[in-house]
Structures are given as C-alpha cells and as structure tokens.
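Single-letter residue listing:
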Amino acid sequence: MEYLILVPVLLTIVAGALMYAFRFQTRKFREAFLLVILVINCALVWWIAFNAPGEPLIIARFADNLHLTFFVDGPAKIFSCLVATLWIPATMYAFDYMEHEKHHLGRDEKWVNAFFAFYTMTCGITIGLAYAGNPLTMYVFFEALSLVTLPLVIHLQNNRSVRAGRKYLRYM
C-alpha cells in the first residue's frame, strides 16, 4: 500500500518514455493517450492526498542517514494535487500551441511527440519532487527535472534555443 506513492511519479515518467520510444502517428491518438494518463495520474494523486500513509517510504539506503525517501505531508499533498490537476488544462493548451508551432515551423509529428514525451515526464518528476522526504531525494529530483526539461528548452532546435540550452546546462 505504501508503494502506491510511487505510481503517480512513475506513471507519467514511463508514459513519456514510451511516447518517445514508440512515436504516435496521429494527433488524436497522442492526445487521447496523454489525457487518459494525466486523468488517471490526477485521480491517484488526489487519492493519495486523502489516504497517504503516515510513514516515510525509503526506496534506497546508501548509508545510515543517506537514503532516498518519499513522504506525503501537508505541503506535499497541496503541491502534488495542484500539479496533477493543473497539468491537465496546461496539456490541453499545449496541444493547440504545439500544433500551431508545428505548422508555423514546418515540423513533423516526430518533433511534437518528442516535446510531449519530455513534457509528460516533467509532470512525474515534479510530483516526485513534491513527495521528496529528505534533501537527498529533493536534490535527485531537482537534477532529474533539470535534465528532463532541457529538451523543452531546446525544442525549437535553432541557434538561439541551443545557446539557451547550453546556458541552462551551465547553471545546473
């Protein structure tokens, strides 16, 4: 039961990775897939907010006081529910925005799929950041967030966005 905390984190990360590996050929299928994943994820986050275990979940121990830990406390409940709920309308907005960008820049579905793959993984990592139970876990998820959002920074793939991506990497 306590491992259920990991599901909202892993669900969107795995869904994004699958989107990147198996590219959708049509916009409708990609959008339906994303909305189903995000609605399920939102329902799980809200369920966890009301039924969270009172104990921290230790995933890995590296030393006596050094371990990856998830814990759903009051602020984690608020932040994760906000993220999971608001990610749905933000994604719906991104559908039309990316369709416009695709036509405006002359890109293909592969480019849009890559954007949404990393965008979806960002949701899971952000929820993992909310559930971080100690500074080490928070650091790991902040770094993961930085790495997964890098493709979003450079998604236009022009000189300006690549320079911005290099600057982004220097600040990490």
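These numbers come from a predicted model, not from an experiment.

**Observations regarding the nonpolar core**
Then, number 1: Core analysis: the biggest nonpolar cluster contains 41 residues, and Phe70, Phe116, Ile127 and Tyr131 have the highest contact counts within it.
Then, number 2: Taken together, the elements giving at least two residues each to this core come down to helix H1 (6-21), helix H2 (27-51), helix H3 (74-105), helix H4 (109-130) and helix H5 (135-153).
Then, number 3: Residues in contact with phenylalanine 70, not counting those within four places in the same chain, are Ile5, Leu6, Pro56, Leu57, Ile59, Gly128, Tyr131, Ala132, Gly133, Thr137 and Phe141.

**Points about a positive patch on the surface**
Then, number 1: Taken together, the side chains of Arg160, Arg163, Arg166, Lys167 and Arg170 define a basic patch exposed on the protein surface.
Then, number 2: Structurally, the position occupied by lysine 167 is in helix H6 (residues 159-171).

**What about the pattern of salt bridges?**
Then, number 1: One pass over the structure, following the stated rule, counts 3 salt bridges.
Then, number 2: Between arginine 27 and aspartate 96 there is a salt bridge whose closest N-O contact spans 2.8 Å. Here arginine 27 is found in helix H2, whereas its partner aspartate 96 is found in helix H3, with 69 residues between them in sequence.
Then, number 3: Arginine 27 sits in the partly exposed class, given a relative accessible area of 27%.
Then, number 4: Ionic pairing is found between glutamate 99 and arginine 27, a salt bridge with its closest N-O pair at 3.8 Å.

**Observations concerning the layout of surface pockets**
Then, number 1: Space inside the largest pocket adds up to approximately 210 Å³.
Then, number 2: Taken together, 13 residues form the lining of the largest pocket, with Lys110, Trp111, Ala114, Phe115 and Gln157 sitting closest to its centre.
Then, number 3: Ranked by the residues each element gives to the lining of the largest pocket, the list is headed by H4, at 5 residues.
Then, number 4: In terms of residue class, the lining of the largest pocket is made up of 8 nonpolar, 2 polar and 3 charged.

**Description of the packing of aromatic side chains**
Then, number 1: Counted by the stated rule, this structure contains 11 aromatic pairs.
Then, number 2: Relative to phenylalanine 50, the ring of tryptophan 46 has its centre 6.2 Å away and its plane inclined at 25 degrees; by these criteria the two rings are stacked. Within this pair, tryptophan 46 and its partner phenylalanine 50 are both found in helix H2, separated by 4 residues, close to a single helical turn.
Then, number 3: Take tryptophan 46: its relative accessible area is 36%, and that puts it in the partly exposed class.
Then, number 4: Since its relative accessible area comes to 66%, phenylalanine 50 is described here as exposed.

**Observations regarding H5**
Then, number 1: Between its first and last C-alpha, H5 extends 26 Å over 19 residues, near the 27 Å set by a 1.5 Å rise per residue.
Then, number 2: All of the buried residues in H5 are Thr137, Phe141, Leu145, Ser146, Val148, Thr149, Leu150 and Leu152.

**Some remarks on the confidence of the model for the chain**
One rule of thumb: low pLDDT means the predicted coordinates there are not for detailed reading.
Then, number 1: Mean pLDDT over the chain works out to 90, with 99% of the residues at or above the 70 mark.
Then, number 2: H2 holds the highest mean pLDDT among the elements of the chain, 95, whereas H6 holds the lowest, 85.

**Description of the pairing of strand E2 (residues 66-70)**
Then, number 1: Counted residue by residue, E2 has 4 buried out of 5 residues, so it is predominantly covered.
Then, number 2: Here 5 bridges tie strand E1 (residues 57-63) to E2, and the two strands are oriented antiparallel to one another. Among the inter-strand pairings, alanine 63 is bridged to a residue of E2, identified as leucine 66.
Then, number 3: If you look at the hairpin formed by E1 and E2, you'll find 2 residues sitting between the two strands.

**Quick notes on the side chain of serine 161**
Then, number 1: Relative to the helices and strands, serine 161 resides in helix H6.
Then, number 2: For serine 161, the residues in contact, after removing those within four places along its chain, are Val153, Ile154 and Leu156.

Rules behind the numbers
Residues numbered from 1 in each chain as written. Predicted model: local features only at pLDDT ≥ 70, side-chain atom pairs only at ≥ 80, totals over all residues. Heavy atoms only, no water. Core = buried A, V, L, I, M, F, W, Y, C linked by side-chain atoms within 4.5 Å. Buried < 20%, exposed > 50% of the residue type's maximum accessible area, 1.4 Å probe, protein only. Helix = DSSP H or I, 4+ residues; strand = E, 2+ residues; numbered from the N terminus. Contact = heavy atoms within 4.5 Å. Patch = residues over 30% accessible without salt bridge, like charges linked within 9 Å, V, L, I, M, F, W, Y side chains within 5 Å. Areas by Shrake-Rupley, 256 points an atom, 1.4 Å probe, with all protein chains shown as cover. Salt bridge = Lys/Arg side-chain N within 4 Å of Asp/Glu carboxyl O. Lys, Arg positive; Asp, Glu negative; His and termini not counted. Charge placed at Lys NZ, Arg CZ, Asp CG, Glu CD. 1 Å grid on protein atoms, 1.4 Å probe; cavity = no way out; pocket = protein on both sides within 12 Å on 5 of 7 lines; lining within 4 Å. Points joined across faces, edges and corners; volume = space filled by probe spheres on them. Nonpolar A, V, L, I, M, F, W, Y, C, P; charged D, E, K, R; others polar. Phe/Tyr/Trp six-rings, centres within 6.5 Å; stacked < 30°, edge-to-face > 60°. Expected span 1.5 Å × (residues − 1). pLDDT = per-residue confidence, 0-100. Pairing = 2+ DSSP bridges.

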